[in-house]
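# Topology and contacts: notes
Now for the letters of each chain:
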Amino acid sequence: ALEQVQQGLDASLAVPALAVEKGMLDFGTLRHGDRKSLRVNISNASRGLLYGSAKTSADLLKVGREQVRCRAGQTLLLEVTLDAGLLRDGEYHQPAAVTIETNGGSVELDAQVTVLWEPELAASPGALNFGELKAGQEDALPHLSLTLRNKGGGTLHGTVSSPADWLAVAPASFGLESGQEASV
């Protein structure tokens, strides 16, 4: 408050000045489900008390503190955490992902990340039970289905086969996008 009164009396007195170490938050390459935190140095490059707030524009980012306060010459660490579990496979760039607004100026930080999400096979049921058959009844085998699902990312390609010559599989190959399923 005293600083504001002095500035009101003499406009030539310096006001707080926001200085931020980074302009881009580069989270690099993460696997789907990973979390990573980066630290941003915020400082007051002038006089007085620098105060304000830090917020994100995306749900997948969280700031460690929402309030920013720095005296002249002080540095404050702001931790920004990204949750790659909220993203699919691919490259992402988010302009103005974090905004720091203070009485000494405002800064917008962009964020970028590459997310890797490997395909992952899920099959159900875990076993096929054809029941009991007597010799000579092989033609009466029931038709059973196996459900295949890609519970990972990307595209899952594969084939289904059986070493038993009495068991036919159709279709023998598949391609499933993330979350997609098929019956064989």
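Definitions and limits used
- Residues numbered from 1 in each chain as written.
- Predicted model: local features only at pLDDT ≥ 70, side-chain atom pairs only at ≥ 80, totals over all residues.
- Heavy atoms only, no water.
- Pairing = 2+ DSSP bridges.
- Helix = DSSP H or I, 4+ residues; strand = E, 2+ residues; numbered from the N terminus.
- Axes fitted to C-alpha atoms, helices over the stretch in contact; angles between N-to-C directions.
- Salt bridge = Lys/Arg side-chain N within 4 Å of Asp/Glu carboxyl O.
- Buried < 20%, exposed > 50% of the residue type's maximum accessible area, 1.4 Å probe, protein only.

Moving on to the sheet that holds strand 3 (residues 35-44). Here four strands make up an open sheet; going across it, the order is 1-3-7-5 and the pairing antiparallel. The sheet is open, and its two borders are formed by strand 1 (18-20) and strand 5 (61-63), each paired with just one other strand. Going from strand to strand, the sheet's axes swing by 30° on average, the running direction of each strand aside. The pairing of strand 1 with strand 3 spans three bridges and is classified as antiparallel. In the sheet register, A19 faces strand 3, and the bridge partner there is S43.

Oppositely charged side chains may form a pair once their charged atoms are brought near each other. This model, assessed by the stated rule, comprises four salt bridges. Linking E101 and K55 is a salt bridge whose minimum nitrogen-to-oxygen distance equals 3.8 Å. Within this pair, whereas E101 is found in strand 8 (residues 90-102), its partner K55 is found in strand 4 (residues 49-56), the two being separated by 46 residues in sequence. For E101, a relative accessible area of 36% puts it in the partly exposed group.

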